[in-house]
Amino acid sequence: MDRICWLWLILASLISGAGQAGGLTEQIRDCDACHGPAGVSSNPEVPNIAGMSALYLSESMIAYQDAVRPCPKATYPEGSNKAATDMCKISMALSESQIEGLAAYYAKQQHVPAKQAFDPRLADRGGKVHDLLCEKCHADGGLDPDDDAGVLAGQWMPYLQDSFADYRSGARKMVDNMAKKFEKLGDEDVQALIHFYASQQ
């Protein structure tokens, strides 16, 4: 293929990407209202979604549509005229193509670790627990998006606390491999993991 054809393909791809994002302007604005600009959250109870894999993000939205993930009520930031809602309602309002478009958009954004205090002693212990039980599926210390398991490194600690509590209570389902590993975690192991992921800034 000659150089001109390659240039046309690149240009077409850029135009298509811009059009896709442009067609989701309202949805992106709504997502950013809670998850922060480009998915980088400043709310400790709301996860950073920037840089997660498109597959993980789309599967998460489908899980919300099917109500197999907890959907606590959340309020939009001060100054917004939108009523309180939850992720199940938000996801149900989205079409399959909108979910795919939003997932692709946030997957292309730069992951920015949350700046927060952590206990170095617990983080060190958590690193050992992660290497033993979690690294196989949450590669690179929980930072690699290509494992399609979410990005744990640099996540907000309160969000991680809630997620672990949901897994522990059964409110959030786990795949079999994770459930087997999770059974081996004591409460101190969980806290150590949370501090380990928070330490990766």
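Quick look at the structure, then. (Residues numbered from 1 in each chain as written. Predicted model: local features only at pLDDT ≥ 70, side-chain atom pairs only at ≥ 80, totals over all residues. Heavy atoms only, no water.)

1. Observations concerning the state of the cysteines
And then number 1: Here the structure, examined in full by the defined rule, presents one disulfide.
And then number 2: Two residues, C71 and C88, share a disulfide whose sulfurs are 1.9 Å apart. Because the sign of the S-S torsion sets the handedness, a value of about 75° for the bond joining C71 and C88 places this disulfide among the right-handed ones. With C71 in the loop between α3 (54-65) and α4 (87-92) and C88 in helix α4, this residue pair connects regions lying 17 residues apart in the sequence.
And then number 3: What makes C88 buried here is its relative accessible area of 16%.
And then number 4: There is no disulfide at C31, and the cysteine sulfur nearest it, in C34, is 8.6 Å away.
And then number 5: Cysteine C137 is unpaired, with the sulfur of C134 as its nearest cysteine sulfur at 8.8 Å.
And then number 6: On the accessibility criterion, C137 (43% relative accessible area) is partly exposed. (Disulfide = S-S within 2.5 Å. Helix = DSSP H or I, 4+ residues; strand = E, 2+ residues; numbered from the N terminus. Buried < 20%, exposed > 50% of the residue type's maximum accessible area, 1.4 Å probe, protein only.)

2. Notes on the environment of M174
And then number 1: Mapped onto the fold, M174 is located in the loop between α8 (157-169) and α9 (176-182).
And then number 2: The partly exposed category is assigned to M174, whose relative accessible area is 26%.
And then number 3: In this view, M174 contacts Y167, A179 and F182; residues no more than four positions away in its chain are not counted. (Contact = heavy atoms within 4.5 Å.)

3. Details of unusual backbone geometry
And then number 1: The phi torsion at A38 lies on the positive side, around 60°, for a residue other than glycine.
And then number 2: When you line up the elements, A38 lands in the loop between α2 (25-35) and α3.
And then number 3: For A38, a relative accessible area of 22% corresponds to the partly exposed category.
And then number 4: Residues other than glycine seldom take positive phi values, yet D148 does so here, at roughly 55°.
And then number 5: In this structure, D148 sits in the loop between α7 (139-142) and α8.

4. Quick look at the pattern of salt bridges
And then number 1: Tallying each qualifying case throughout the model produces four salt bridges.
And then number 2: Between R168 and D187 there is a salt bridge; the shortest N-O distance is 3.7 Å. Here R168, found in helix α8, pairs with D187, found in helix α10 (residues 187-199); they are 19 residues apart in sequence, far enough to count as distant.
And then number 3: Accessibility expressed as a relative area gives 39% for R168, which makes it partly exposed.
And then number 4: Taking the relative accessible area as the measure of exposure, D187 reaches 60% and is therefore exposed. (Salt bridge = Lys/Arg side-chain N within 4 Å of Asp/Glu carboxyl O.)

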